[in-house]
Amino acid sequence: MDTPETIKERVADLRKQINRHNHLYYVLDSPILPDAEYDRLMQELVMLESQYPEYRSATSPSQRVGGEALAGFEQVTHRLPMLSLDNAFSPEEVRRFSKRLNDRLNNQEERVFCCEPKLDGLAVSLVYEGGKLVQAATRGDGEIGELITQNVKTIRNVPLELVGDFPSLVEVRGEVFMTLEGFKKLNEEALRNNEKVFANPRNAAAGSLRQLDSKITAKRPLSMYAYAMGYVENTTLAESHFERLMQLKEWGFAICDEVEQKPNIESCLAYFESISQKRSQLAYDIDGVVYKIDSIALQRTLGFVAKAPRWAIAHKFPAVEEMTKVLDVEFQVGRTGAITPVARLEPVPVAGVTVSNATLHNQDEIARLKLKIGDTVVIRRAGDVIPQVVRVIDDYRQGDERPILFPSECPVCSSPVQRIEGEAVIRCTGNYFCRAQRVEGIKHFASRKALDIDGLGDKLVEQLVSEELIESPADLYSLSLSDISQLERMGEKSAQNLLNALEKSRKTSLAKFIYALGIREVGEATARSLAQYFGDLNPVMSASSEDLQRINDIGPIVAQHIETYFADCRNKALVERLIDQCGLTWEKVSIENAQRLAGLTFVITGTLETLSRDEMKAQLMALGAKVAGSVSKQTDALIAGKKAGSKLTKAQSLAIPILQETDARSLISEPSEQNFKRLIEDSSKGI
Ligand code: IVH
């Protein structure tokens, strides 16, 4: 019989267990329970709490799934105002900041700083009374914010109850953000469901946090890193900011891993450089770093000006958004005929690079932006990607802007254009007749992942085509020394080098050859699967769409593109010419190997030493294996490189065999069930 006492104990026990596993999973990133078991614990708790309302609690981990929807957000005045930070954009500005500090402190000593990434999310303030989260609020205008307690409770790495030696009342501040991976998945799902996509992780985090229905917030992949304490009562706190962050960590908060103490301002600048290098590998967006004087005593002495502390500064990465004018819109024809509108811009420096073009993607994008020629626009450059138009500044319209007219014929070859139902792009129907498609096709053929013809860059291909020396990739192999050396800016030596490179490229692999043909949607991995599966080109050329779909990862659309490609007699003629006249050869792929790992599912994690995870994935897939993104009971083995984290722990908890990188390579070179069995037996014995 369940007595009230045993139920009360069970509820308490479940909460304790779930809290512990949450912490292991979301803060320490090393879970020990399979998801299914965690879900069972949570379900049992939710069930007991609904049956026995007397045992409900506002800090129960069941709150993570969200609660009743609100009609609107209540406002709340922060106990201490939430300040912002002054910005610096160059090392000089940072040094001036340091000098100001020293002048104010009346001595020129070196100072210890705490260096932290400036997370690109939203500031929140969390109040804990008696160790329980009682209130969460947005920053608002710094004085008054909005109450978002229910929503914040759904963020998995925010502790609902503190652990250890915490103060009776403490306000903790930090940034709520969405990881890039979470953002990508969220947008992919939105696309599938025909819902609105978010422009960037910051907007997605903001939109998720300001949901009136916390059940929606609960489904969004949000995280929080704590970066400061606000109002605190009754406790002794460390006298160093960095140590305080460590205290927060002990109470159960997640702190950004990149936080470091530095002995002086020059080492802060070195930190900036090293974070800039790392930026593209971080799992979340940051827009700079923050330097804070580490000594709390000095922070007190220095105090605040207006809305920012004197003792801290944000060293921002160069602006990635700028404003400029759209001078014209032109249409570019790609290798597969896709016609892309490109905005010609009044040149403007963005993050150190002069930008004069931006891609507009397609007609839908132009409609979404409501863009006209002559508009003033905001453009953004992120990393190495092509600059994008973010929005039109309506206020700057003059009235003489012109609409963007889409061509009804190809701007290069005048063939009619086609827009296929359900596709956003328009395409030139000229195929080989279109010079632009030919040029792009030859560039692709020569590119590194295809035939890798050294020295045959984009410019040179364009020159060769416009001089009418070549029309197709096959013509490359009948070029003579004099053909090439007569070109502008081409010496005899470079011409000879190109001939040598062409000669060398004759010996290739079947996979590279297939990839080089530039069949629509046939990337490197698909080309490799085709080569492995069929072993030779003839069976690929005569395969039906159904045959092709037997290969893992080839769906009906790709299969159709391949079938259509080889049904065209001009393509067949090109392939024959490349082989018979140009002498392209490759080693036969042993067809016996194809599909030898069919039926096995792997997960790859950690850092591999001899090849990238993608390469290993492609090699396994080419042998018919499946490679999944997460560990589950269906996983046959986990391939674990260096620094493997939560996936390794999960595989161990599910007793899934673990292979080292060398084991996986042995399996790829000898792909047999016997070898697989032997490898997992050895690994379980720790050999
Ligand atoms: S400290 C008084 N540390 O930047 C100090 N802020 O411009 C106030 N931010 O609203 C903030 N990462 O949203 C601090 N490591 C970090 C931060 C950070 C991001 C944001 C925060 C704040 C804004 C200030």
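Being a predicted model, the structure only gives us computed values, none of them experimental.

Conventions and cut-offs
Residues numbered from 1 in each chain as written. Predicted model: local features only at pLDDT ≥ 70, side-chain atom pairs only at ≥ 80, totals over all residues. Heavy atoms only, no water. Helix = DSSP H or I, 4+ residues; strand = E, 2+ residues; numbered from the N terminus. Buried < 20%, exposed > 50% of the residue type's maximum accessible area, 1.4 Å probe, protein only. Near = heavy atom within 4 Å. Polar contact = N/O pair within 3.5 Å; in protein donor to acceptor, adjacent residues only side chain to side chain. Areas by Shrake-Rupley, 256 points an atom, 1.4 Å probe, with all protein chains shown as cover. Nonpolar A, V, L, I, M, F, W, Y, C, P; charged D, E, K, R; others polar. 1 Å grid on protein atoms, 1.4 Å probe; cavity = no way out; pocket = protein on both sides within 12 Å on 5 of 7 lines; lining within 4 Å. Points joined across faces, edges and corners; volume = space filled by probe spheres on them. Axes fitted to C-alpha atoms, helices over the stretch in contact; angles between N-to-C directions. Left-handed = near helix turned anticlockwise from the far one by under 90°. Contact = heavy atoms within 4.5 Å. Pairing = 2+ DSSP bridges. Core = buried A, V, L, I, M, F, W, Y, C linked by side-chain atoms within 4.5 Å. Patch = residues over 30% accessible without salt bridge, like charges linked within 9 Å, V, L, I, M, F, W, Y side chains within 5 Å. Salt bridge = Lys/Arg side-chain N within 4 Å of Asp/Glu carboxyl O. Lys, Arg positive; Asp, Glu negative; His and termini not counted. Charge placed at Lys NZ, Arg CZ, Asp CG, Glu CD.

Our next topic: unusual backbone geometry. Backbone geometry at lysine 370 places phi at a positive 55°, although glycine is not the residue there. With respect to the helices, strands and loops of the structure, lysine 370 is situated in the loop between helix H11 (363-369) and strand E17 (376-380). According to the relative accessible area criterion, lysine 370 is exposed, its value standing at 62%. One non-glycine residue, lysine 643, lies in positive phi territory at about 55°. Its place among the elements puts lysine 643 in the loop between strand E25 (637-640) and helix H23 (646-653). On the basis of relative accessible area, lysine 643 is assigned to the exposed category, the value being 80%.

Let's shift gears to the site of the ligand. Among the 14 residues in the neighbourhood of the ligand, the closest are listed as Glu116, Leu119, Glu175, Tyr227 and Lys292. In the environment of the ligand, an oxygen atom lies 2.6 Å from a nitrogen or oxygen atom belonging to the side chain of glutamate 175. For the ligand, whose unbound accessible area comes to 520 Å², protein coverage reaches 87%. Within the residue set of the shell around the ligand, elements represented by two or more residues are strand E3 (113-119) and strand E10 (286-293). By residue number, the principal contributor to the shell around the ligand is E3, which donates four residues. Of the residues contributing to the shell around the ligand, the split by class is eight nonpolar, one polar and five charged.

Under the counting rule described, the total for this entry stands at one cavity of 30 Å³ or more. The volume enclosed by the largest cavity comes to roughly 60 Å³. Lining of the largest cavity is provided by Glu116, Pro117, Leu119, Tyr225, Ala226, Tyr227, Ile255, Cys256 and Val259. Of all the elements in the fold, those that place two or more residues in the lining of the largest cavity are E3 and strand E8 (222-233). Looking at the lining of the largest cavity, its residues break down into eight nonpolar, no polar and one charged.

Our focus in this paragraph is the packing of helix H1 (residues 4-27) against helix H2 (residues 35-51). Packing of H1 against H2 leaves a shortest axis separation of 10 Å and a crossing angle of 140°. Relative to H2, the crossing made by H1 is left-handed. Facing Ile7, Arg10, Val11, Leu14, Arg15, Gln17, Ile18, His21, Asn22 and Tyr25 of H1, the residues of H2 in contact are Asp35, Tyr38, Leu41, Met42, Glu44, Leu45, Leu48 and Glu49. Class assignment of the residues belonging to the contact of H1 with H2 gives a composition of ten nonpolar, three polar and five charged.

Read from one edge to the other, the open sheet built from five strands follows the order E2-E13-E10-E3-E9, with strand pairing classed as mixed. For this open sheet the edge positions go to strand E2 (87-88) and strand E9 (260-262), each flanked by a neighbour on one side alone. Relative to E10, E3 is paired through seven bridges, and the arrangement is antiparallel. Bridging across to E10, cysteine 114 finds its partner in lysine 292. Sheet strands in contact with helix H3 (residues 91-105) are E2, E3, E10 and strand E13 (312-316), and its direction is about 175° off that of E13. Where helix H8 (residues 241-251) meets the sheet, its contacts fall on E3, E9 and E10, and the angle it forms with E3 comes to roughly 55°.

Relative to the assigned elements, alanine 270 resides in helix H9 (residues 265-278). Relative accessible area serves as the criterion here: at 45%, alanine 270 is assigned to the partly exposed category. The spatial distance from the C-alpha of alanine 270 to the C-alpha of threonine 585 is 51 Å, given a sequence separation of 315 residues.

Ranked by size, the top nonpolar core spans 66 residues in total, and within it Leu126, Val152, Leu209, Leu248, Phe253 and Tyr291 carry the most contacts. Ranked by the residues each element gives to this core, the list is headed by H9, at six residues. Residues within four places of valine 152 in sequence aside, it is in contact with Leu126, Leu133, Ala136, Val158 and Leu209. Grouped together as the second largest cluster of nonpolar side chains are 55 residues, Phe445, Leu476, Phe513 and Phe566 included.

Turning our attention to the sheet that holds strand E23 (residues 601-605). Within the open sheet, the four strands sit side by side as E24-E23-E25-E26. Their pairing is parallel. Where the open sheet ends on each side, the last strands, each with one partner, are strand E24 (626-628) and strand E26 (658-659). Across the sheet, H23 touches E23, E25 and E26, and the angle it forms with E25 is around 150°.

Turning our attention to a negative patch on the surface. Negative charge collects at one region of the surface, where Glu467, Glu468, Glu471 and Glu488 lie side by side. Relative to the helices and strands, glutamate 488 is located in the loop between helix H14 (481-485) and helix H15 (492-505). Using a relative accessible area of 60% as the deciding quantity, one classes glutamate 488 as exposed.

Below, the discussion takes up the pairing of E17. The buried fraction of E17 is high, at four of five residues. Pairing between strand E14 (residues 321-333) and E17: five bridges, direction antiparallel. Bridge assignment links lysine 325 to a residue of E17, and that residue is threonine 376.

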